[in-house]
Structure formats: C-alpha cells, structure tokens
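Coordinate inspection notes
Read off the chains here:
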Amino acid sequence: PQANLIFIASLLLGTTITISSNHWITAWMGLEINTLAILPLISKSHHPRAIEAATKYFLTQAAASTLVLFSSMTNAWCTGQWDITQLTHPTSCLILTSAVAMKLGLVPFHFWFPEVLQGSPLTTGLLLSTIMKLPPITLLYMTSPSLNPTLLTTLAIFSTALGGWMGLNQTQVRKILAFSSISHLGWMAIIIIYNPKLTLLNFYLYTMMTAAVFLTLNTIKVLKLSTLMTAWTKIPSLNAMLLLTLLSLAGLPPLTGFLPKWLIIQELTKQDMAPAAMLISLLSLLSLFFYLRLAYCTAITLPPHTTNHMKQWRTNKPTNITIAMLIT
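Residues numbered from 1 in each chain as written. Predicted model: local features only at pLDDT ≥ 70, side-chain atom pairs only at ≥ 80, totals over all residues. Heavy atoms only, no water.

The nonpolar side chains of a soluble globular protein tend to be buried, and buried together. Formed by 93 residues in total, the largest nonpolar core has its most connected members in Ile-38, Tyr-57, Leu-128, Ile-190 and Leu-217. Considering each element in turn, this core owes the most residues, 12 residues, to helix α9 (residues 173-191). No fewer than three residues from each of domain 1 (1-120) and domain 2 (148-327) sit in this core. Setting aside anything within four residues of it in sequence, one finds Tyr-57 in contact with Thr-35, Ile-38, Leu-39, Ile-42, Trp-112, Val-116, Leu-128 and Met-132. (Core = buried A, V, L, I, M, F, W, Y, C linked by side-chain atoms within 4.5 Å. Buried < 20%, exposed > 50% of the residue type's maximum accessible area, 1.4 Å probe, protein only. Helix = DSSP H or I, 4+ residues; strand = E, 2+ residues; numbered from the N terminus. Domains from an automatic or database assignment. Contact = heavy atoms within 4.5 Å.)

As a further point, take the environment of Ala-295. Along the polypeptide, Ala-295 turns up in helix α14 (residues 274-299). The exposure class of Ala-295 is buried, given its relative accessible area of 4%. Separated by 67 residues in the primary sequence, Ala-295 and Leu-228 place their C-alpha atoms 9.6 Å from one another. Apart from residues lying up to four places away in sequence, Ala-295 is in contact with Leu-243, Leu-246 and Leu-247.

Turning next to the side chain of Asn-202. Among the secondary structure elements, Asn-202 is positioned in helix α10 (residues 196-219). In this structure, Asn-202 is in contact with His-184, Trp-187, Met-188, Pro-260 and Ile-264, ignoring residues within four places of it in sequence.

Glancing now at helix α7 (residues 134-143). The element α7 is largely enclosed, with a buried count of eight among its 10 residues. All of the buried residues along α7 are Pro-135, Pro-136, Ile-137, Thr-138, Leu-139, Leu-140, Met-142 and Thr-143. Next to the buried residues of α7 lie α1 (2-20), α2 (24-42), α4 (90-104), α9 and α10.

Distances and angles like these do not, on their own, reveal function.
Shown next, in the form of structure tokens:
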C-alpha cells in the first residue's frame, strides 16, 4: 500500500508539474516523473506480458522525452527563450510535434499503445488512457499558436483512420479501447490549433466516458468479447449502463460523446476545412462499427453461438458499482 501511494502521488505530482510549468526543463521533469511512476504500476503483476509492456512503455516515453528536451534546447539555442509559449523555431516545432505524438500514441507512433494497454491491468490501463495523456496535450495547448497546421491535420486524420481500421478485427476489449483512444486523439489533434478549448472539452468528456467503461469492465471482470457476452448475468443494471456509455463513446447524437464531435466539425467548417471535417467524420464511422459490436455483445441476452465460458452468478460489490454508475 505504501509503495502504491508513493506511485500514485508521484503520478499526480508529475502531471501537476508539467501542467503548471513555464520553463521547458520543469515540463520535461514532470514528464519523466510521470513515466517513472507508472512503470511499477504496469509491471505489478509479475507476468512476462506485463514486463514486456513496461519495457515498451519505458523505451517509447524515454525517447519522446528526449525529443521534447532536444526541441526546447534547439529553440533556446536559436531564440534564447526557455519559455514554453515562445516556441518559435520551425525545426523545434516539428520535433516537438513528433515528440508529443509519440507520447500520446498518435499515428505513426502508435504501435506501443495497444501493446502496453493489453499487457497492463484495467485500472492501470485507465491511468494510461486518461491521466498520462494530460501533460502532452497541455504542452500542445501551450505551444498551439506556433505549430504546423498541415502536419497536425495529417496526423489527426491518419490516427482516426487507423484507430478505426485496426479496432475492427480485435477481440480483446483492452486493445479495442486502445484503438478507440487513438481515434479520439485524432479528433483532439485536428482542432488544437484552431480552438484549443475544444480539445480540452473533448479530452475531459473522453476521460469521463473511458473511466466509466474501464471501471465497469473492472467490476464485472471482463477482458475479452466472449466473456462480455456472458457478463449480463452478474450485474444487469451496470451492464445496461455500459451499453449507453459505449454508444456515448462512439459519439451517437443524443448522448454526451456527440457534443465534442459536433463542435469540432462546426469549428472546422468555420475555418474553411470542410473536406477535413467530412473525412474525419466518415472515418469515425469505422470506430462506430466496433463500438456497436461491443454494445451488441453487452446487450445481447444469449450469445449467437455456444460459448465455453460459464455463466457467472450475480456478484454484489457495492463500492465499485457505485463509482462506475456515478461516473456514467
């Protein structure tokens, strides 16, 4: 428990340092503290898969942090400014964009994310998908006026496309949620230059919905689509809520998840980027497909084919259920 407390506190500390810093060195320091704090949480279950996930995570994040430091030093070398908001040198902007893309898991630096998420427990997966994305998004937010719009739009469209395509043939729920995260990041990246506040709104709503999904899955102990089919016997009420949360994550109109998409499409149209808006909305239909499949597996009362899984009896864990329900 003490070690766990230290890691969680360091995680919050690292995130806070990065978010509240003006100087590149302190921002980098926060990112490093964050990385080092989450590594033991990923590798906690002593399983080769978990250790592999932790190693992959460490290598990617260390490389990305080095690039952040390198871009800020290049900028300081050329302009004499260590202030985060004064990132004006074009090469530095380019390096920083790729570093942040690597930290977030945007295409083409996305390979590590599904693997790491698949190798870590559900609660750590929740931390990786939400809190660990906040510092890099904050860096993008603070440097957004000087970033390259074409590069970010390209990364965003490719991320949405790839998150949709790759999620289609997955049976592991954690991998599906990882690809869903990649496509959501695409929506956040495309609008960061034109209206950064929309990115933050999208991120907060995404965090809420993902937290609800991960906590629910953790409560009903589901890791695969086949176990999700038999999960309705455990806590039927929570299962019904999971269905709604998944549809909201997919961005279906009456639900919360539609709001950021609507506002982003509106803003892109205002910025004369109607083709990009159209493309990204069409690509989000791909991810809608696998969300619908998840929802279908959740809502179905009897699986279409006989499963080898035993139907579990109802469980009552009031605390977890209450938290997941509240967030939903």
